[in-house]
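Chain by chain, the residues run as shown.
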Amino acid sequence: LEFRRVLCRSSKGAAEKRQLVYYIGGEEQDFLRVQPILEATSKAIVHIGEVGQAAVVKVVTNLISAVTTQTLAEALAIVRRAGIRPEALASAIEQNAMRSGVTDMKLPAMISGDYTTNFSLKHMFKDVQLGIRLANQFEIEVPATSTVGAVMYAALAKGLGELDYAALFK
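Below is a short write-up of the structure. (Residues numbered from 1 in each chain as written. Predicted model: local features only at pLDDT ≥ 70, side-chain atom pairs only at ≥ 80, totals over all residues. Heavy atoms only, no water.)

Quick word on the overall build of the protein chain
And step 1. For the protein chain, the helix and strand inventory stands at seven helices and three strands.
And step 2. Along its sequence from the N terminus, the protein chain presents helices and strands in the succession β-α-β-α-β-α-α-α-α-α.
And step 3. Expected size for 170 residues packed as a compact globule is a radius of gyration near 15 Å; at 17 Å, the protein chain falls within 12% of this value.
And step 4. With the C-alpha coordinates of the protein chain rotated into their principal frame, the extents come out at 55 × 40 × 30 Å.
And step 5. Expressed as a percentage of the 170 residues in the protein chain, the buried residues total 38%. (Helix = DSSP H or I, 4+ residues; strand = E, 2+ residues; numbered from the N terminus. Rg over C-alpha atoms; globule rule 2.2 N^0.38 Å. Buried < 20%, exposed > 50% of the residue type's maximum accessible area, 1.4 Å probe, protein only.)

What follows is the structure, encoded as structure tokens:
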């Protein structure tokens with residue numbers, strides 16, 4: 001049985017509030033055996049399929065988060081340079097179909113400059129690299145992910161690896 005935990009803010013705080021999401025790979029009978037234990041800390045448990053498949057889903061959902069965060073950082077930079085209050089962007093996003101949990105978490109951090117680690121840049125970079133390797137294995141081009149990986153690599157070279165990946169805005 002394979003467990004991949006999706007972190008919501010901090011793991012400890014999310015577990016205490018039953019806000020973790022688990023992706024599970026493995027046999028149904030094994031999943032059913034551990035389900036009550038996982039329910040104690042989770043808001044959702046998603047049985048993905050075979051062992052190994054939950055890891056793939058976890059990596060690709062992190063690719064979406066990484067690309068979204070990079071695009072959000074670029075949008076905020078444009079808004080600031082245009083002389084628009086960052087809060088106006090936040091208000092616009094709240095009403096837009098592209099709003100997501102990632103935008104809700106990362107935009108306030110970018111606006112305030114608070115990059116307290118919820119999910120470190122170095123760990124997100126690792127997942128981006130894993131995603132690129134998976135794409136290469138399946139002969140799939142991932143230009144957005146590759147570009148974000150390069151930006152993350154540059155941020156790591158600047159010593160930002162321990163910060164939350166919202167530090168892409170820096």
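Remarks on the nonpolar core
And step 1. Ranked by size, the top nonpolar core spans 17 residues in total, and within it Ala 66, Leu 121, Met 124, Val 128, Met 152 and Tyr 165 carry the most contacts.
And step 2. Secondary-structure elements contributing two or more residues to this core are helix 3 (53–81), helix 6 (121–137) and helix 7 (143–157).
And step 3. With six residues, the top contributor of residues to this core is helix 6.
And step 4. Discounting chain neighbours no more than four positions away, the residues touching Met 124 are Asn 62, Ser 65, Ala 66, Phe 119, Met 152 and Tyr 165.
And step 5. One finds Leu 76, Leu 107, Met 110 and Ala 167 within the second-largest nonpolar core, a separate group that totals 13 residues. (Core = buried A, V, L, I, M, F, W, Y, C linked by side-chain atoms within 4.5 Å. Contact = heavy atoms within 4.5 Å.)

What to know about the pattern of salt bridges
And step 1. This structure, assessed with the given rule, holds five salt bridges.
And step 2. Taking the shortest distance from any N to any O, the salt bridge between Asp 30 and Arg 33 comes out at 2.9 Å. With a gap of three residues between them, Asp 30 and Arg 33 both fall in helix 2 (residues 28–39), about one helical turn apart.
And step 3. For Asp 30, a relative accessible area of 21% translates into the label partly exposed.
And step 4. A salt bridge links Asp 127 to Lys 126, with the nearest nitrogen and oxygen atoms 2.6 Å apart.
And step 5. You can call Asp 127 buried: its relative accessible area is 5%. (Salt bridge = Lys/Arg side-chain N within 4 Å of Asp/Glu carboxyl O.)

Thoughts on the packing of helix 3 against helix 5 (residues 101–112)
Geometrically, a packed helix pair is captured by the angle between its two axes and the distance between the axes.
And step 1. The contact between helix 3 and helix 5 brings their axes to 10 Å, and the two run at 45°. Relative to helix 5, the element helix 3 lies oblique. Here helix 3 runs over helix 5; the crossing is right-handed. Where helix 3 approaches helix 5, its residues Ser 65, Thr 68, Thr 69, Leu 72, Ala 73, Leu 76 and Arg 80 are matched on the opposing element by Val 102, Thr 103, Lys 106, Leu 107, Met 110 and Ile 111. (Axes fitted to C-alpha atoms, helices over the stretch in contact; angles between N-to-C directions. Parallel < 35°, antiparallel > 145°, perpendicular 65-115°, else oblique. Left-handed = near helix turned anticlockwise from the far one by under 90°.)

Description of the side chain of Thr 69
And step 1. Here Thr 69 is to be found in helix 3.
And step 2. When near neighbours in sequence (up to four residues on either side) are disregarded, Thr 69 contacts Val 102, Lys 106, Met 110, Tyr 165, Ala 166 and Leu 168.

A word on the packing of helix 3 against helix 4 (residues 86–94)
And step 1. At a minimum axis distance of 9 Å, the contact between helix 3 and helix 4 shows a crossing angle of 130°. With respect to each other, helix 3 and helix 4 are oriented oblique. Remark: the crossing between helix 3 and helix 4 carries right-handed chirality. From helix 3, Leu 72, Ala 75, Leu 76, Val 79 and Arg 80 reach across to helix 4, where they touch Pro 86, Leu 89 and Ile 93.
And step 2. In terms of residue class, the contact of helix 3 with helix 4 is made up of seven nonpolar, no polar and one charged. (Nonpolar A, V, L, I, M, F, W, Y, C, P; charged D, E, K, R; others polar.)

Thoughts on helix 7
And step 1. Its 15 residues place the ends of helix 7 21 Å apart at the C-alpha level, agreeing with the 21 Å of an ideal helix rising 1.5 Å per residue.
And step 2. Of all the positions in helix 7, only Thr 145, Val 148, Gly 149, Met 152 and Ala 155 are classed as buried. For helix 7, the angular spread of buried residues about the axis comes to 120°, placing them on one side. Across from the buried face of helix 7, at angles greater than 90 degrees, the exposed residues are Pro 143, Tyr 153 and Ala 157.
And step 3. Directly beyond the C-terminal end of helix 7, a positive phi value near 85° is found at Gly 159. (Expected span 1.5 Å × (residues − 1). Arc of directions from axis to C-beta.)

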